[in-house]
Every structure is written in structure tokens, then in C-alpha cells.
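Breakdown of the fold
Spelled out from the first residue to the last, the chains are:
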Amino acid sequence: MKKYTFMQRKEDVVREWHHYDAEGQILGRLAVEIAKKLMGKEKLTFTPHIDGGDYVVVTNVEKIVVTGKKLTDKVYYNHSGFPGGIRARKLGEILAKKPEELLMLAVKRMLPKNKLGRQQLTRLRVFAGAEHSHVAQKPNKVEL
């Protein structure tokens, strides 16, 4: 009996569309589920070096929930590369101004830190409100 490991090819990738409603969902738990879908980890054909993940649409991000004192205590840092160019923003500020960016940051940090992870992140579509522009793709509604 011949044993072998299955390796998916780029040509054989089949992508689906999934829709998550973030209303009342905890930020980190939702980000984990989204990252799994983007990487294709839940598929039987998962291959680590091939981008075999699906498309994900997330709506109602402005109504996402954060536990504990993270709204006031958690800080996101960016640096411009110039002396004195560090910028610190609290999670509450980001949630008030750009809630889409908050979910994108959470998912981005759960994906691989290489070209493959950047490619997977391009398939994530985040919307602050309940409406989205990907109705024509007929995404599957995912319940958490």
C-alpha cells in the first residue's frame, strides 16, 4: 500500500464566500474564526504553503464587544520610522473612529507574517454598518 501526503495545487483551489455578523461578538474570538477561514485551515485540502482560504465579509463591526478594561488600557503603537515618530492609540479611540481598522488589525496579527499572510488578508472585507456590497456573491451566513 502506497502512503503519501496530499498537497493541494494552486489550480485546484475552490474559494467560497462567508458572511459574519459582528454584532455582540467578542473581538478576539471573532478574529480567530475569520483567520481560520482566510487560511483555509478548516478545509480537508489545507496545505500550509498554498493560499487555499476563502473570502470573508464582516458587517456591523461598530457593534463589536471587547471584554475587561481593554477599551481604556490596550494601546496600539505605530512608528513612522523617523525620530520621535511613534504614535500611540487606545483601542477605544480606534473603535470610535475606524471600527473596520480594529478588526483588520486583530485578524492581520493572527495570519502568517509573510507574503502568504498579506495575500490572505486581501480577501477580508469589513464594513461598519449592516449593508455590504458583496450580495451578488451570495455569501454563506456563519453563526457563532
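Please read these numbers as outputs of a predicted model, since none were measured by experiment.

All right, on to a positive patch on the surface then. On the surface, a cluster of positive charge is made up of Lys-70, Lys-74, Lys-108, Arg-109, Lys-113, Lys-115 and Arg-118. Its place among the elements puts Lys-70 in helix α2 (residues 70-73).

Our focus in this paragraph is the pattern of salt bridges. Going through the model one piece at a time under the given rule, you end up with seven salt bridges. The residue Arg-9 makes a salt bridge to Glu-11 at a minimum N-O spacing of 3.6 Å. Owing to a relative accessible area of 48%, Arg-9 belongs among the partly exposed residues under this scheme.

Summed over the entire model, instances satisfying the criterion amount to one aromatic pair. For the pair Trp-17 and Tyr-55, a centre-to-centre distance of 4.4 Å together with 5° between the ring planes defines the contact as stacked. You can see Trp-17 sitting in strand β1 (residues 17-21) and its partner Tyr-55 sitting in strand β2 (residues 55-59), a full 38 residues away along the chain. Relative accessible area serves as the criterion here: at 15%, Trp-17 is assigned to the buried category. Cation over ring: Lys-74 sits above Tyr-76, and NZ or CZ is 5.1 Å from the ring centre.

A few words on the pairing of strand β3 (residues 75-79). When β3 meets strand β4 (residues 86-90), the two strands line up antiparallel, connected through five bridges. Residue pairing in the sheet places Tyr-76 in a bridge with Arg-89 of β4. Between β3 and β4, which pair antiparallel and follow one another directly, the connecting turn spans six residues, one of which, Gly-81, has a positive phi of 100°.

Here the focus is helix α4 (residues 99-108). For α4, the full list of buried residues reads Pro-99, Leu-102, Leu-103, Leu-105, Ala-106 and Val-107. Buried residues along α4 sit in contact with α1 (27-39), β2, β3, α3 (91-97), α5 (115-121) and β5 (124-126).

On to the pairing of β2, then. Of all five residues making up β2, four are buried, and the element is well covered by its neighbours. Where β1 lies against β2, five bridges are found, and the strand directions are parallel. Considered in β2, the bridge of Trp-17 is made with Tyr-55. Read from β1 through α1 to β2, the crossover connection turns out right-handed. Pairing geometry for β2 and β5, over three bridges, is parallel.

Glancing now at the side chain of Thr-59. Following the sequence through the fold, Thr-59 ends up in strand β2. Ignoring sequence-local partners within four residues, the contact set of Thr-59 consists of His-19, Tyr-20, Asp-21, Ala-22, Phe-127, Gly-129, Ala-130, Glu-131 and His-132.

What follows is about the nonpolar core. Judged by nonpolar contacts, the single largest core of 28 residues is most densely connected at Leu-30, Ile-34, Val-58, Leu-103, Val-107 and Leu-124. Where this core is concerned, the elements lending two or more residues are α1, β2, α3, α4 and β5. The element best represented in this core is α1, accounting for seven residues.

In this fold, Asn-60 is placed in the loop between β2 and α2. Apart from residues no more than four positions distant in its own chain, Asn-60 is found in contact with Asp-21, Ala-22, Glu-23, Phe-127, Ala-128, Gly-129 and Ala-130.

In this section: α1. The terminal C-alpha atoms of α1 lie 18 Å apart, and with 13 residues this matches the ideal 18 Å at 1.5 Å per residue to within 8%. Along α1, the positions that sit buried rather than exposed are Leu-27, Leu-30, Ala-31, Ile-34, Ala-35, Lys-37, Leu-38 and Met-39. Contact partners of the buried residues in α1: β1, β2, α4, α5 and β5. One or two steps after α1, the chain reaches Gly-40, where phi turns positive at roughly 80°.

Rules used in this analysis
- Residues numbered from 1 in each chain as written.
- Predicted model: local features only at pLDDT ≥ 70, side-chain atom pairs only at ≥ 80, totals over all residues.
- Heavy atoms only, no water.
- Patch = residues over 30% accessible without salt bridge, like charges linked within 9 Å, V, L, I, M, F, W, Y side chains within 5 Å.
- Areas by Shrake-Rupley, 256 points an atom, 1.4 Å probe, with all protein chains shown as cover.
- Salt bridge = Lys/Arg side-chain N within 4 Å of Asp/Glu carboxyl O.
- Lys, Arg positive; Asp, Glu negative; His and termini not counted.
- Charge placed at Lys NZ, Arg CZ, Asp CG, Glu CD.
- Helix = DSSP H or I, 4+ residues; strand = E, 2+ residues; numbered from the N terminus.
- Buried < 20%, exposed > 50% of the residue type's maximum accessible area, 1.4 Å probe, protein only.
- Phe/Tyr/Trp six-rings, centres within 6.5 Å; stacked < 30°, edge-to-face > 60°.
- Lys NZ or Arg CZ within 6 Å of the ring centre and 35° of its normal.
- Pairing = 2+ DSSP bridges.
- Contact = heavy atoms within 4.5 Å.
- Right-handed = clockwise from strand over helix to strand, strands pointing away.
- Core = buried A, V, L, I, M, F, W, Y, C linked by side-chain atoms within 4.5 Å.
- Expected span 1.5 Å × (residues − 1).

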